[in-house]
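Coordinate analysis (summary)
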Amino acid sequence: MEAASLSKLCVHTITTKPLSLPEAIEAYRETNVAGITVWRDALVPLGVKESAKRLADSGLKIVSLCRGGFFPATTAEGRQAAIDENKRIVDEAAAVGAPLIVLVCGAVPGIPLAEQRKQINDAIAAVAPYAQERGVKLGIEPLHPMYAGDRSAVNTLGQANDMVEQLRLANVGVAVDVYHLWWDERLEAEIARCGRNKAIFAYHVCDWRSPTRDMLNDRGLMGDGCIPLRQIRSWVEAAGFDGMIEVEIFSTEQWATEQREYLKRIRDAYLKHV
Ligand code: ZN
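So, a few notes on the structure that sits alongside this text. Predicted model only: the values in this text are computed from it and were never measured. (Residues numbered from 1 in each chain as written. Predicted model: local features only at pLDDT ≥ 70, side-chain atom pairs only at ≥ 80, totals over all residues. Heavy atoms only, no water.)

**Let's talk about helix H2 (residues 21-30)**
Among the residues of H2, Leu-21, Ala-24, Ile-25, Ala-27 and Tyr-28 are the ones counted as buried. Each element contacted by the buried residues of H2 is listed here: strand S1 (9-12), strand S2 (35-39), helix H3 (47-56) and helix H11 (259-273). Following H2 by one or two positions, Asn-32 has its phi on the positive side, about 65°. (Buried < 20%, exposed > 50% of the residue type's maximum accessible area, 1.4 Å probe, protein only. Helix = DSSP H or I, 4+ residues; strand = E, 2+ residues; numbered from the N terminus. Contact = heavy atoms within 4.5 Å.)

Next up, the structure:
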């Protein structure tokens, strides 16, 4: 019964950052986690080829590769370098069998946000056909506005939906992450719009701690914060999404705990709150 109710539970390797890829695979399986989203740093110790083999043999569903993006730059050379790097990331995703790359689109202080969004749009248009040929999708992940200065110029689901509708490419959609979007009064409507575009490619969960002590590494375990997780999930599923539900938690506090015990707490929190 438990395995059935966990059939959509996916965990990001960054969530259990202290574990190596083989350790994470083993621990996820022991906890009945069904899917894995692989962060690129987890591929480094064994290399892409051996990591791909371990993942293929793991029995876990490989949900996505994190992450591509970081497109805006002050020079044309910089923007081209980002496109080239993202094509390498597409190759990596194809090699490890990840059907989706999550895009943290990037932001550079000093360039107007509207100009950066145009640069992001152009870069995705340049990478998408290459990804399509290799069977890889690209998911634009809008980030919370607190990151508009230096991590992403795409900050609302509305902006991501605008991009998807402008690009009109079958392999370009959106990664909906509750941490970044829960505050938006237009969230339900924009999730529905994303669903109509068949563009909800991923759904990421964690919680928003109050107070948040660190802008990057203080995400909460589901149930430890103020995000209405059940409500947002109901909107996403009403919009037609039936993919995996991905637990993505950057937490200095949780990384300091015993990670196999932590995975059990993740599993319990998922069953109780998500
Ligand atoms: Zn995310």
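**So, the packing of helix H9 (residues 229-238) against H11**
The contact between H9 and H11 brings their axes to 9 Å, and the two run at 70°. Overall, the two elements H9 and H11 adopt an arrangement that is roughly perpendicular. In this structure, H9 contributes Leu-229, Arg-230 and Arg-233 to the contact, and H11 contributes Tyr-270, Leu-271, Lys-272 and His-273. Each residue belonging to the contact of H9 with H11 can be placed in one class, and the counts come to 3 nonpolar, 1 polar and 3 charged. (Axes fitted to C-alpha atoms, helices over the stretch in contact; angles between N-to-C directions. Parallel < 35°, antiparallel > 145°, perpendicular 65-115°, else oblique. Nonpolar A, V, L, I, M, F, W, Y, C, P; charged D, E, K, R; others polar.)

**Looking at the coordination of the zinc ion**
The protein atoms donating to the zinc ion are Glu-141 (OE), Asp-177 (OD), His-204 (ND1) and Glu-248 (OE), with metal-donor distances spanning 2.0 to 2.2 Å. Of note is the zinc ion, whose 4 donor atoms meet at the metal with angles of 84 to 170° in an arrangement that counts as irregular. For the zinc ion, the donor residues sit on a single chain with the sequence spacing E-x35-D-x26-H-x43-E. Of the two residues, Glu-141 is situated in the loop between strand S5 (137-140) and helix H6 (157-167) and His-204 in strand S7 (residues 200-205); the sequence distance between them amounts to 63 residues. Residue Glu-141 is classed as buried on the basis of its relative accessible area, which comes to 3%. (Donors = N, O, S within 2.8 Å, 3.2 Å for Na, K, Ca; no water. Tetrahedral: all angles 85-135°; square planar, octahedral: opposite > 155°, others 65-115°.)

**With respect to the sheet that holds S1**
Backbone hydrogen bonds hold the strands of a sheet together, and the pairing may be parallel or antiparallel. Read once around its circumference, the closed barrel built from 8 strands follows the order S1-S2-S3-S4-S5-S6-S7-S8, with strand pairing classed as parallel. Mean inter-strand twist for the sheet, computed between neighbouring axes without regard to direction, equals 30°. Pairing of strand S4 (residues 100-104) with S5 involves 4 bridges; the strand directions are parallel. When the bridges of S5 are listed, Val-102 appears paired with Gly-139. (Pairing = 2+ DSSP bridges.)

Structural measurements only, silent on function.
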